[in-house]
Amino acid sequence: MTGQIDALRRFLGRNAAARPRRAVVVVGSGKGGSGASTVAALLALVSAAEGLRVLLVDAVPDFGALHLLLGAEPGPGLGALRGGDLEPEDLLVPVADGLTLLTCASADEPGAAPGDVERRALLRRIAGLYDAFELVVVDGGSRRDAVLAACDAGAARLALVCGTDRIALAATHAIVKVAAAAAQAIPVSILFNRAGDAEAEAAFDVLRDGVGRFLGRTVGLAGSVPDDAGFRHAIETGLTIQAAAARSAIAGAVRDLAERIAPIGSHAERAAPALVTTHGWA
């Protein structure tokens with residue numbers, strides 16, 4: 001692990017101008033349980049499998065679950081930057097080829113977690129790392145202040161994970177309203193989780209009409225991720241998300257989402273390593 005961290009430091013120390021940044025996408029939701037963390041992890045894994053350098057940031061304030069989903073170490077968290085002994089790159093944890101994780105909360109000192117104002121400042125500080133990656137996926141969770149703080153740190157797009165029920169649509173409408181006021185220039189895309197295409201399109205029509213009529217804003221439809229009981233069971237029994245996805249058709253849908261949210265560009269120019277070799281990941 002020390003050798004990997006040293007290699008990351010050397011990489012980050014090179015000329016950032018020579019490393020074009022592809023996109024910074026914040027993944028959030030209007031209510032807990034929507035699957036934002038799972039979608040964020042899958043977006044990062046799919047993009048890394050395409051040969052991109054991907055940073056996955058767990059910005060959930062109360063110690064998120066991305067490291068558990070990925071079977072990785074959590075890292076020291078944002079609070080470790082307070083004393084000046086550590087730099088932002090010291091928070092990075094290599095996960096797989098092309099994929100690096102940064103967790104913002106600490107498992108060891110939950111009581112020392114930064115407050116909202118300090119978190120915003122520290123998130124802006126770690127945003128200095130973003131130019132070293134072609135894609136940054138930030139899991140902002142479902143708390144509005146956390147999602148907005150993640151957007152404030154340099155996001156190019158906000159992707160909101162939503163269900164198709166009325167409560168989920170109302171919660172998503174509410175966070176679009178807050179985000180539109182605080183971060184007007186950031187495009188918003190809606191991802192429907194555990195839904196088929198037709199169901200997602202019908203729900204999106206309702207949401208889009210409400211956002212347009214009452215907020216005077218527009219939102220885009222990124223697509224949908226189908227429900228897969230086998231995938232959910234695999235995660236619940238403790239498999240990593242990589243292993244669970246290897247047995248699921250969800251991967252293909254997430255790859256399509258990645259193309260819509262932050263287009264990868266010419267695949268022919270990249271050597272795309274296979275993350276797994278079944279159900280459309282190759």
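See the structure shown above.
These remarks concern the structure in this document. (Residues numbered from 1 in each chain as written. Predicted model: local features only at pLDDT ≥ 70, side-chain atom pairs only at ≥ 80, totals over all residues. Heavy atoms only, no water.)

**Observations concerning the overall build of the protein chain**
A count of helical and extended segments in the protein chain gives 10 helices and 8 strands. Per-residue burial for the protein chain yields a buried fraction of 51% across its 282 residues. Taking as baseline every contact in the protein chain between residues at least 6 positions apart, the subset at least 24 positions apart corresponds to 80%. Carbon and sulfur atoms form 51% of the exposed surface of the protein chain, whose accessible area is close to 12300 Å². (Helix = DSSP H or I, 4+ residues; strand = E, 2+ residues; numbered from the N terminus. Buried < 20%, exposed > 50% of the residue type's maximum accessible area, 1.4 Å probe, protein only. Contact = heavy atoms within 4.5 Å. Areas by Shrake-Rupley, 256 points an atom, 1.4 Å probe, with all protein chains shown as cover.)

**Some details on the pairing of strand S3 (residues 92–96)**
Bridge count between S3 and strand S4 (residues 99–103): 4 bridges; the pairing is antiparallel. The residue bridging Ala96 from the neighbouring strand is Leu99, located in S4. In textbook terms, the turn of a hairpin is the stretch between consecutive antiparallel strands, and for S3 and S4 this stretch comprises 2 residues, one of which, Gly98, has a positive phi near 85°. (Pairing = 2+ DSSP bridges.)

**Details of the nonpolar core**
Across soluble globular proteins, nonpolar side chains show a tendency to be buried alongside one another. Ranked by size, the top nonpolar core spans 47 residues in total, and within it Val57 and Ile126 carry the most contacts. Beyond its immediate stretch of four places on either side in the chain, Ile126 contacts Val57, Leu78, Leu81, Pro88, Leu91, Leu102 and Cys104. Val39, Leu56, Leu70 and Val254 belong to the second-largest nonpolar core, a separate cluster that totals 40 residues. (Core = buried A, V, L, I, M, F, W, Y, C linked by side-chain atoms within 4.5 Å.)

**Focus on the side chain of Ser189**
Locating Ser189 in the fold gives a position in strand S7 (residues 188–193). Its relative accessible area of 6% is what places Ser189 among the buried residues. Other than its neighbours up to four places away in sequence, Ser189 contacts Arg157, Leu158, Ala159, Leu160, Gly220 and Ala222.

**Points about the packing of helix H4 (residues 116–126) against helix H5 (residues 144–152)**
At a closest axis distance of 8 Å, the pairing of H4 and H5 adopts a crossing angle of 30°. With respect to H5, the element H4 is oriented roughly parallel. By crossing handedness, the relation of H4 to H5 is classed as right-handed. Counting all contacts with H4, which are made through Asp116, Arg119, Arg120, Leu123 and Arg124, the residues of H5 involved are Asp145, Ala146, Leu148, Ala149, Ala150 and Asp152. Grouping the constituent residues of the contact of H4 with H5 by class yields 5 nonpolar, no polar and 6 charged. (Axes fitted to C-alpha atoms, helices over the stretch in contact; angles between N-to-C directions. Parallel < 35°, antiparallel > 145°, perpendicular 65-115°, else oblique. Left-handed = near helix turned anticlockwise from the far one by under 90°. Nonpolar A, V, L, I, M, F, W, Y, C, P; charged D, E, K, R; others polar.)

**What about the pairing of strand S8 (residues 220–225)?**
Where S7 and S8 come together, 5 bridges link them in parallel fashion. In the sheet register, Asn193 faces S8, and the bridge partner there is Val225. Running through helix H7 (residues 197–215), the crossover from S7 to the neighbouring parallel element S8 is right-handed. (Right-handed = clockwise from strand over helix to strand, strands pointing away.)

**Let's talk about the sheet that holds strand S1 (residues 23–29)**
The strand order across the open sheet formed by 8 strands is S3-S4-S2-S5-S1-S6-S7-S8, and the pairing between neighbours is mixed. A single partner strand is all that each edge strand has here, and the edge strands are S3 and S8. For this sheet, the mean angle separating the axes of adjacent strands, direction not counted, is 25°. Summarising the sheet, strand S2 (residues 54–58) and S4 pair through 5 bridges and their orientation is parallel. What sits directly across from Leu56, in S4, is Leu101.

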